[in-house]
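Close look at the chain arrangement
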Amino acid sequence: MIVLTSDSSSDIAQRSDDTDSLWVRVDQLRQATGWQLKPEGVCLGEICVPLFEPEREAWIADADDWVWFCYSAFADKIGQKHVRDGDVWSLGSVPEVRRAGLESGLAPDFGMTDRNGDTVRLSDLRGRKVVLFTWASW
Amino acid sequence: MNLPVWQELYESIGPDRFELISVAEDSQGEAAAGKWFDKAKPTFRCIVDPTHRISSLFGWVNVPSGAWIDEEGRIVRSNEGVFPDETTIKFGLGKVRLGNDAFAHATRDWIERGPESEFVWSAEELAAHLKPVDDDTLLAEPTFKLALHFESTGDSERALRHFDAAQHLAPDNWNYHRQGWTHKGTVYAARQVLKKSAYLRKNTDKNYYDPMELPGENHRRFTEPEWFWTPAVNGLKRLLRREPSAA
């Protein structure tokens, strides 16, 4: 099963007894989605979304000798769009991240490798002016 | 693709005064964008972005788009159509001329004068310029990514299906249209751009690029093509109206 996010593509395990929902093995959750399970809830960086008891019961399950988290149900809760075709799931942007970034006027941070092989991280460039522009060959 | 003009601008303003980051939104990655970068020999930072991540993050729906980010990480301006100079794109028997040096002048002013520049936006002005986001446009983003995934795995049928879906969900997103059309080749894509832009010009008040709201910007920013016979047709029209020639 493949999970696509805005900055990653992960080939991860699929729960054998329920392929209708996006169940992600808890140990692969961070790699595939960026989120991780913590005592205070499901967290992405400094954002933590608490899970209520019925959600914990329904969305965390044992199967195939592993612990799984029902990510598609969680995505619906936080308003993150997702679309699938076969065993490929594609996740949209996280509304909370969008609100914390662009809509507050702060440039969304990113880390990407440039053509010289160096990592360009916007937050590393604080203290300097940055002009960023896109183009395309098409 | 005016990377050489950007290089000149970068050198003339002064590389020690700002960071210039150029991002190629090309699903074919280095294979499509590499030669353009190589030819320009840029000394600024160059990134190839096959999944259009930067456009998604910054809410951009066309290329070129650009932002000024100040020393505190705030976006102080964000525009579409940020050509650094007039750019001619040729295709078959025609060409389009886009942009002028308005954005380059404004950029130089901001680098030199910082917050004193009259072209700096407040957070409120930036918010007012952000593209509206609804359920469909939010769904279009992962749909487009799904298309790019299947394009990269060589599953053309599924790639086209999802490109088509993304284009329907976000009809104003030119990146989704043009990148998707390019799956069928650049000639097909160019014809579709002309067709769609001609339709919009005739039937709507939508612009190919939102105006930058900069003094002196070029208003021929709507991919209005000039065919090789256009000068002769214009000359004939002037003759019929008995107007003096423009020259």
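Please read these numbers as outputs of a predicted model, since none were measured by experiment.

Another point: the overall build of chain B. Of the regular secondary structure elements, chain B holds 10 helices and seven strands. Against the 2.2 N^0.38 benchmark of 18 Å for 247 residues, chain B shows a C-alpha radius of gyration of 19 Å, consistent with a compact globule. With the C-alpha coordinates aligned to their principal axes, the bounding extent of chain B is approximately 60 × 50 × 40 Å. Expressed as a percentage of the 247 residues in chain B, the buried residues total 49%. Within the structure as shown, chain B displays about 12300 Å² of accessible surface, and the carbon and sulfur contribution to it stands at 53%.

Quick look at the state of the cysteines now. Residue and element names in this part refer to chain A. Counting across every chain of the model gives one disulfide over all chains. Each sulfur in the disulfide pair Cys43 and Cys48 lies 2.0 Å from the other. On the sign convention where negative means left-handed, the S-S torsion of about 110° between Cys43 and Cys48 marks this disulfide as right-handed. A residue is classified by how much of its surface remains accessible, and Cys48, at 34% relative accessible area, is partly exposed. Note on Cys70: no disulfide assigned, nearest cysteine sulfur contributed by Cys43 at a separation of 18 Å.

Here we come to the sheet that holds strand β2 (residues 9-11) of chain A. Residues and elements named next belong to chain A. The four strands lie next to each other as β2-β1-β10-β9, forming an open sheet whose pairing is mixed. Of all the strands in the sheet, just β2 and β9 (82-85) have a single pairing partner and so form its edges. Neighbour to neighbour, the strand axes of the sheet diverge by 15° on average, direction disregarded. Alignment of strand β1 (residues 2-4) against β2, held across three bridges, turns out to be antiparallel. Considered in β2, the bridge of Leu4 is made with Ser9.

In a regular helix each residue adds 1.5 Å, so 12 residues correspond to 16 Å; helix α4 (residues 102-113) of chain B covers 16 Å between its end C-alpha atoms and thus fits that length. Restricting attention to buried positions, one finds in α4(B) the residues Ala102(B), Phe103(B), Ala104(B), Ala106(B), Thr107(B), Asp109(B), Trp110(B) and Ile111(B). Here the buried face of α4(B) lies against β13 (129-135) of chain A together with α1 (3-13), β1 (18-24), β3 (65-69) and β4 (75-80) of chain B. The positive-phi residue at the C-terminal boundary of α4(B) is Gly114(B), with phi of around 55°.

All right, on to the pattern of salt bridges then. Counted by the stated rule, this structure contains 22 salt bridges over all chains. Across the pair Asp109(B) and Arg113(B) runs a salt bridge, and its minimum N-O distance is 3.2 Å. Remark: Arg113(B) and Asp109(B) occur in helix α4; sequence separation between them is four residues, near one turn of the helix. Residue class for Asp109(B) comes out buried when judged on its relative accessible area of 16%. When the shortest N-O distance is used, the salt bridge between Lys145(B) and Glu141(B) registers 3.7 Å. You can see Lys145(B) and its partner Glu141(B) sitting in helix α6 (residues 135-152), four residues apart, about one turn around the helix. Each member of the pair, Lys145(B) as well as Glu141(B), is classed as buried. Salt bridges here are not isolated pairs; linked through shared partners, they connect Asp85(A), Asp155(B), Arg158(B) and Arg161(B).

Let us look at the interface of chain A and chain B. Contact with chain A, which involves 46 residues of that partner, is made by 78 residues of chain B. Roughly 5700 Å² of surface becomes buried between chain A and chain B when both sides are summed, with 62% attributable to carbon and sulfur atoms. Contact with chain B buries area across many residues of chain A, yet Lys129(A), Trp135(A) and Trp138(A) alone supply 19% of it, more than any other trio. Across the contact surface, chain A and chain B share eight salt bridges. The shortest N-O distance in the salt bridge between Arg115(A) and Glu30(B) comes to 2.5 Å. The interface formed by chain A and chain B holds 34 residue pairs in polar contact (both at pLDDT 80 or more) in total.

Attention now moves to the packing of aromatic side chains. Scanning the model with the defined rule gives 20 aromatic pairs over all chains in all. Geometrically, the ring pair formed by Phe228(B) and Trp229(B) is edge-to-face, given 5.2 Å between the ring centres and 80° between the ring planes. Aromatic rings pair up to connect Phe133(A), Trp6(B), Tyr10(B), Phe18(B), Phe44(B), Trp68(B), Phe103(B) and Trp110(B) into one cluster. It is Arg25(A) that lies over the ring of Trp66(A); its NZ or CZ is 3.6 Å from the centre.

With that out of the way, let us pick up the packing of α6(B) against helix α8 (residues 174-182) of chain B. All names here are of chain B. Look at α6 against α8: their axes get within 11 Å of each other, and the N-to-C directions meet at 15°. Judged on the interaxial angle alone, α8 and α6 are roughly parallel. Note on packing geometry: the crossing formed by α6 with α8 is left-handed. Contacts between α6 and α8 involve Ala140, Glu141, Phe144 and Leu148 on the former and, on the latter, Asn175, Tyr176 and Gln179. Of the residues that constitute the contact of α6 with α8, the class distribution is four nonpolar, two polar and one charged.

Right, let's get into the layout of surface pockets. Considered as a void within the structure, the largest pocket measures approximately 1000 Å³ in volume. Leu44(A), Val97(A), Asp109(A), Arg53(B) and Leu57(B) are, among the 44 residues lining the largest pocket, the residues nearest its centre. Those elements that provide at least two residues to the lining of the largest pocket are α1 (29-33) and α4 (95-100) of chain A together with α3 (53-58) of chain B.

Analysis parameters
- Residues numbered from 1 in each chain as written.
- Chains lettered and ligands numbered in written order.
- Predicted model: local features only at pLDDT ≥ 70, side-chain atom pairs only at ≥ 80, totals over all residues.
- Heavy atoms only, no water.
- Helix = DSSP H or I, 4+ residues; strand = E, 2+ residues; numbered from the N terminus.
- Rg over C-alpha atoms; globule rule 2.2 N^0.38 Å.
- Buried < 20%, exposed > 50% of the residue type's maximum accessible area, 1.4 Å probe, protein only.
- Areas by Shrake-Rupley, 256 points an atom, 1.4 Å probe, with all protein chains shown as cover.
- Disulfide = S-S within 2.5 Å.
- Pairing = 2+ DSSP bridges.
- Axes fitted to C-alpha atoms, helices over the stretch in contact; angles between N-to-C directions.
- Expected span 1.5 Å × (residues − 1).
- Contact = heavy atoms within 4.5 Å.
- Salt bridge = Lys/Arg side-chain N within 4 Å of Asp/Glu carboxyl O.
- Buried area = accessible area lost by both parts, 1.4 Å probe.
- Polar contact = N/O pair within 3.5 Å; in protein donor to acceptor, adjacent residues only side chain to side chain.
- Phe/Tyr/Trp six-rings, centres within 6.5 Å; stacked < 30°, edge-to-face > 60°.
- Lys NZ or Arg CZ within 6 Å of the ring centre and 35° of its normal.
- Parallel < 35°, antiparallel > 145°, perpendicular 65-115°, else oblique.
- Left-handed = near helix turned anticlockwise from the far one by under 90°.
- Nonpolar A, V, L, I, M, F, W, Y, C, P; charged D, E, K, R; others polar.
- 1 Å grid on protein atoms, 1.4 Å probe; cavity = no way out; pocket = protein on both sides within 12 Å on 5 of 7 lines; lining within 4 Å.
- Points joined across faces, edges and corners; volume = space filled by probe spheres on them.

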